[in-house]
Amino acid sequence: MTSDGQPAAVDEAGTAEPLRRATTKRATTRALVLPETMTVQYLAEVLDQNPIDVIKQLMRNGIMASMNQVVEYKVAALVTTALSIRTSMAEPQSAAKGPAPEGSETVDESELVTRPPVVTILGHVDHGKTSLLDSIKNSKVADKEVGGITQHIGAYQVESNGNPITFLDTPGHAAFTAIRARGARVTDIAVLVVAADDGIMPQTLEAINHAKAAEVPIIVAINKMDLPGADPEKVKRQLSEQELLVEDWGGDVISVDVSAKTGAGIDNLLENLLLVAEIGELRANPNKSAYGVVIEAKLDRKRGPSTTVLIQDGTLSVGDFIVAGASYGRVKAMFDDLGKPLQAVLPGCPAEVLGFGSVPEAGDQLVVTTNEREGRAKAEESSKSRTPQSGQNRALTLEEVVNQTDTDEIKELNLVVKADVQGSVEAVRGALEKLVDEDVKVRILHTGSGAVTESDILLASASEAIVISFSIGSEPSAERLADRMGVEIRHYNIIYQLIDDVEKALHGMLDPVYTEVIVGRAEIREVFEGRRGTQIAGCRVIEGRMIRSGDVRVMRDGQNVEDGVVNSLRHFREEVNEMNAGTECGIVIQGFNDFKEGDILEVHRQERGRR
C-alpha cells in the first residue's frame with residue numbers, strides 16, 4: 001500500500017513499488033501495473049496526464065466520471081490503451097493495520113469474506129417505498145430492541161436467514177444519483193417499487209433511467225398486491241416497454257409480488273436479494289485499512305458533524321484518522337442504526353461516525369490515513385481540486401454547443417426535458433426526435449411533467465446534459481443546485497423557439513462546410529511587359545470587383561489554367577485596393593506570366609457555413 005491508501009504497483013518480478021515510480025519505467029519491457037480500483041485523479045497522476053484529459057478520454061468511451069470517482073481496472077485500461085501504455089492488473093495487496101507477514105505482499109484468498117449486499121429502493125411517489133422499507137425494518141432489523149428508537153442515519157441493516165442486507169434509507173433516486181454524480185459506485189442492487197394498481201408513472205421511468213445509468217442489477221417489487229385493483233400483468237407489460245423483461249415473460253429481471261401493508265412477499269424479496277448478491281460474488285477483506293463512501297452528513301448542534309458512511313472494504317475502528325473529500329478528523333465514536341455504540345465497522349456495513357472537523361459531502365470517498373497531518377494534506381489537496389477553474393467540472397451551455405464548429409468532439413446533444421403536462425412532454429419530445437442528422441443526434445436522457453427538480457439537475461450533471469423546461473418553472477433548490485454544479489436550464493414558452501435553439505445547437509456540432517463565392521470577374525483586353533520580365537494584364541472589370549491580395553484564377557476557353565494571388569492592382573500608375581465593375585485596371589498575378597487577350601480573371605473567396 002502507498003501512504004495515500006492506494007495499492008502499490010507490482011512489477012512482473014513481483015517487486016512492490018509505488019505506482020508513481022512505475023510510470024517512469026514505462027520505456028522498459030515491464031508493464032505498468034494498476035490496482036483493481038482507483039480514482040480518476042490517481043490514474044492521471046500515475047500516467048502523468050492532466051486529469052481533464054483523462055476525463056475526456058473516458059467520455060470518448062461513453063463513461064462520465066469526475067476526478068474523485070473510483071473506476072475499475074478495465075475502465076482505466078481504456079485510457080492506457082489510447083495512450084499506447086502497456087498495463088496489467090495487480091494482485092490484491094495487503095493493507096492490514098498490523099505489519100504484513102514477512103515476505104508476503106498479496107492477500108490470500110482466505111482473507112476475503114462475503115460482505116452484505118447494499119440495496120437502494122427506488123420508485124414513484126406514493127407507490128410504497130417508505131412503507132416497504134418500514135415493513136422490512138419492523139420485521140427483520142437485526143438485534144432489534146423492544147421499545148427501542150431507531151435513529152435515522154440514512155442506512156440500516158436487516159437479516160434474512162442469518163444473512164445481513166444493507167439498505168440505503170435515502171430519498172429515492174435523487175440521493176442515489178447525487179452520490180453517483182460525485183463518482184461513487186455504492187449500490188449493488190436497485191429495487192424498483194411499482195404499485196400494482198397504478199403501474200409505471202413518471203418518477204418510475206426516472207428511477208429506471210437512474211438505475212440503468214448506474215449499471216446495477218434491478219429487482220422489481222410489485223407492491224400493493226392486497227388492493228382489489230392490483231394488476232401485476234399490466235405492470236410487467238409496461239416494464240417490457242422500458243426494456244425490462246421479467247422472468248415470467250422470458251427475461252432476466254426478477255419481479256416479486258409484495259404487500260408492504262400485510263407483509264406478504266417480503267421474505268421472498270429478501271431471498272431474491274441474497275440470490276442476486278450471491279451471483280455477484282460480493283467479497284471484501286476486513287483485515288485492511290478501511291475505505292468507503294459518505295452517504296449523507298449533517299451538522300448536529302450538540303455532537304458536531306455527524307456523517308453516515310458505508311464501508312466498502314477493510315474495517316473502520318474508533319481512533320482511526322480519516323479523510324473524506326475536503327474534511328478530515330479522527331473517529332471519536334460510531335453508532336449503528338439503532339443508536340448502539342460500535343468499536344469497529346466491517347465491509348458492507350453502515351455507521352454514523354463522529355469526529356470530522358467539518359461536514360463532508362455525499363459521495364465523498366472515505367479513507368483511513370496514518371496520522372492527522374496526512375489527512376489534512378489530503379483534504380487540502382481535494383479542496384483545491386474542487387475549486388472551479390476555467391471550464392472544468394462544468395457542463396456546456398447551449399450557446400457553447402452552438403459554437404462547437406471548430407471541434408469534432410461533440411456529436412451527441414444530451415437533454416433532460418421537463419414540461420407542464422404530459423401532453424406537452426410528448427409534443428416536445430416528438431419534435432426534438434425529428435431533428436436527426438447522419439452525423440449528430442439528440443439524446444433525451446429523461447422526460448417528465450412538473451417543475452425542474454434537484455434530481456433532474458443531478459442527472460444532467462452526471463451525464464453532461466442541458467435541461468430544457470417548457471411552460472414550467474424550476475424549484476428554487478434546483479436553481480441553486482444548477483448554479484453550483486454548472487448545469488444550464490433553458491426555459492421556453494414557445495415550442496418553435498425551443499426547436500430552433502436545439503436545431504442551431506445541432507448545426508454547431510456539425511463539421512463546418514465551405515462555399516466558394518465569386519467576388520468579381522475581369523476580362524483581359526491587352527497584355528503589357530512590366531519590369532523584370534513580369535507581365536501586366538490590362539483588364540476591364542465586367543462583374544463585381546477585383547481585390548488586391550485576393551485569390552484569383554485564370555480562365556481560358558472555360559478551362560482553369562492558373563490559381564494564384566493578385567500581387568498588384570493599379571488604376572493607371574496608382575496602386576489601389578479594389579476596382580469595381582465598369583472600370584479598367586492593370587493586374588499582376590504573383591508567379592504567372594502567360595496572359596492572353598480574352599482570358600477571364602476570377603477573384604474568389606471561401607465562405608464558412610453550417611450544414
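Note that the structure is a prediction, hence the values are computed from the model and not measured.

## Here we look at the overall build of the protein chain
Alright, step 1. Regarding its fold elements, the protein chain presents 15 helices and 35 strands.
Alright, step 2. Relative to all contacts within the protein chain whose residues are 6 or more apart in sequence, the contacts with residues 24 or more apart total 70%.
Alright, step 3. Just so you have it, the protein chain exposes about 29800 Å², and 47% of that area is on carbon and sulfur atoms.

## Considering the sheet that holds strand β10 (residues 163-168)
Alright, step 1. Read across the open sheet, the six strands follow the order β9-β10-β8-β11-β12-β13; overall the sheet is mixed. Because the sheet does not close on itself, it has two edges, and the strands there are β9 (155-160) and β13 (254-257). Averaged over all adjacent pairs, the angle separating strand axes in this sheet is 30°, with direction ignored.
Alright, step 2. Sheet topology places strand β11 (residues 189-195) next to strand β12 (residues 218-223); six bridges connect them, and they run parallel. The residue bridging Ala 195 from the neighbouring strand is Asn 223, located in β12.
Alright, step 3. Those strands touched by helix α7 (residues 202-214) are β8 (118-123), β11 and β12, and its axis lies near 165° from that of β11.
Alright, step 4. Sheet contacts for helix α8 (residues 232-241): β11, β12 and β13; angle to β12, the most-contacted strand, approximately 150°.

## Quick notes on the packing of aromatic side chains
Alright, step 1. The final tally for this structure, using the stated rule, is two aromatic pairs.
Alright, step 2. For the ring pair Tyr 156 and Phe 167, a centre distance of 5.9 Å and an interplane angle of 20° mean the geometry is stacked. Taken as a pair, Tyr 156 in strand β9 and Phe 167 in strand β10 lie far apart in primary sequence, 11 residues in all. The same class applies to Tyr 156 and to Phe 167, which are both buried.
Alright, step 3. Plain terms: the ring middles of Phe 592 and Phe 595 are 5.1 Å apart, the flat faces sit at 80° to each other, and that makes the pair edge-to-face.
Alright, step 4. Assessed through its relative accessible area of 8%, Phe 592 is described here as buried.
Alright, step 5. Given the relative accessible area of 5%, Phe 595 is considered buried.

## Some points on helix α13 (residues 454-463)
Alright, step 1. Within α13, eight of the 10 residues are buried, leaving the element largely enclosed by the surrounding structure.
Alright, step 2. Residues Ser 455, Asp 456, Ile 457, Leu 458, Leu 459, Ala 460, Ala 462 and Ser 463 constitute the buried set of α13.
Alright, step 3. Of the residues one or two after α13, Glu 464 is the one with positive phi, at around 55°.

## Some remarks on the nonpolar core
The nonpolar side chains of a soluble globular protein tend to be buried with one another.
Alright, step 1. In terms of nonpolar packing, the biggest core is built from 26 residues, with Leu 132, Ile 136, Ile 165, Phe 167, Leu 269, Leu 270 and Leu 273 touching the most fellow members.
Alright, step 2. Taken together, the elements giving at least two residues each to this core come down to β8, α5 (129-140), β9, β10, β11, β12, β13 and α9 (266-280).
Alright, step 3. When residues in this core are grouped by element, the largest group, seven residues, is from α9.
Alright, step 4. Non-local contacts of Leu 132, meaning those with residues more than four positions away in its chain, are made with Ile 121, Val 193, Ala 221, Val 258, Ala 260, Ile 266 and Leu 269.
Alright, step 5. Among the nonpolar cores identified, the runner-up in size contains 22 residues, and Leu 43, Val 54, Leu 58 and Tyr 73 belong to it.

## Quick word on the packing of α13 against helix α14 (residues 476-485)
Alright, step 1. Two elements in contact, α13 and α14, have axes separated by 8 Å at closest approach and are oriented at 20°. The pairing of α13 with α14 is recorded here as roughly parallel in orientation. α13 and α14 meet at a crossing whose hand is right-handed. Across the interface between the two elements, Glu 454, Ile 457, Leu 458 and Ser 461 of α13 pack against Ser 477, Ala 478, Leu 481, Ala 482 and Met 485 of α14.
Alright, step 2. Residues that form the contact of α13 with α14 fall into these classes: six nonpolar, two polar and one charged.

## Considerations on the side chain of Glu 602
Alright, step 1. For Glu 602, the position within the fold is in strand β35 (residues 600-609).
Alright, step 2. Of the polar contacts made by the side chain of Glu 602, one reaches the side chain of Arg 521; its length is 2.9 Å.
Alright, step 3. When sequence neighbours within four positions are dropped, the list of residues in contact with Glu 602 reads Ile 518, Gly 520, Arg 521, Asp 551, Val 552, Arg 553 and Met 555.

## Things to note about the sheet that holds strand β27 (residues 489-492)
Alright, step 1. Reading across the sheet, the four strands line up as β25-β24-β26-β27 and stay open at both edges, with parallel pairing between neighbours. The strands lining the two open edges of the sheet, one partner per strand, are β25 (441-449) and β27. Pairs of neighbouring strands in the sheet enclose a mean axial angle of 25°, with direction left out of account.
Alright, step 2. Pairing of strand β26 (residues 466-470) with β27 involves four bridges; the strand directions are parallel. For Ile 468, the partnering residue across the bridge sits in β27 and is Arg 490.

## Considering the pattern of salt bridges
Alright, step 1. As enumerated under the stated definition, the model contains 22 salt bridges in all.
Alright, step 2. Between Glu 433 and Arg 429 there is a salt bridge, with the nearest N and O atoms lying 2.9 Å from each other. Linking Glu 433 with Arg 429, this pair stays in helix α12 (residues 422-433), spanning four residues, or about one helical turn.
Alright, step 3. Taking relative accessible area as the criterion, Glu 433 reaches 45% and is therefore assigned partly exposed.

## Let's talk about unusual backbone geometry
Residues apart from glycine generally show negative phi values, whereas peptide bonds are mostly found in trans.
Alright, step 1. One non-glycine residue, Glu 243, lies in positive phi territory at about 65°.
Alright, step 2. For Glu 243, the position within the fold is in the loop between α8 and β13.
Alright, step 3. One non-glycine residue, Asp 557, lies in positive phi territory at about 55°.
Alright, step 4. With respect to the helices, strands and loops of the structure, Asp 557 is situated in the loop between β30 (551-556) and β31 (559-571).
Alright, step 5. Relative accessible area serves as the criterion here: at 77%, Asp 557 is assigned to the exposed category.

## Digging into the environment of Thr 81
Alright, step 1. You can see Thr 81 is positioned in helix α4 (residues 73-82).
Alright, step 2. Judged by relative accessible area, which is 59%, Thr 81 ranks as exposed.
Alright, step 3. At 2.7 Å, the side chain of Thr 81 forms a polar contact with the backbone oxygen of Ala 77.

## Thoughts on the side chain of Asn 272
Alright, step 1. Looking at where Asn 272 falls in the secondary structure, it is placed in helix α9.
Alright, step 2. Exposure remark for Asn 272: the relative accessible area of 13% places this residue in the buried category.
Alright, step 3. Among all residues touching Asn 272, those that are not within four sequence positions of it are Ile 219, Ile 254 and Val 256.

## Quick look at the packing of helix α3 (residues 51-60) against α4
Alright, step 1. Where α3 contacts α4, the two axes come as close as 10 Å, and the packing angle between them is 105°. For the element pair α3 / α4, the angle class is roughly perpendicular. Side by side, α3 and α4 meet where Val 54, Gln 57 and Leu 58 of the first sit next to Val 75, Val 79 and Ala 82 of the second.
Alright, step 2. Partitioning the contact of α3 with α4 into residue classes produces five nonpolar, one polar and no charged.

Thresholds, definitions, all that
Residues numbered from 1 in each chain as written. Predicted model: local features only at pLDDT ≥ 70, side-chain atom pairs only at ≥ 80, totals over all residues. Heavy atoms only, no water. Helix = DSSP H or I, 4+ residues; strand = E, 2+ residues; numbered from the N terminus. Contact = heavy atoms within 4.5 Å. Areas by Shrake-Rupley, 256 points an atom, 1.4 Å probe, with all protein chains shown as cover. Pairing = 2+ DSSP bridges. Axes fitted to C-alpha atoms, helices over the stretch in contact; angles between N-to-C directions. Phe/Tyr/Trp six-rings, centres within 6.5 Å; stacked < 30°, edge-to-face > 60°. Buried < 20%, exposed > 50% of the residue type's maximum accessible area, 1.4 Å probe, protein only. Core = buried A, V, L, I, M, F, W, Y, C linked by side-chain atoms within 4.5 Å. Parallel < 35°, antiparallel > 145°, perpendicular 65-115°, else oblique. Left-handed = near helix turned anticlockwise from the far one by under 90°. Nonpolar A, V, L, I, M, F, W, Y, C, P; charged D, E, K, R; others polar. Polar contact = N/O pair within 3.5 Å; in protein donor to acceptor, adjacent residues only side chain to side chain. Salt bridge = Lys/Arg side-chain N within 4 Å of Asp/Glu carboxyl O.

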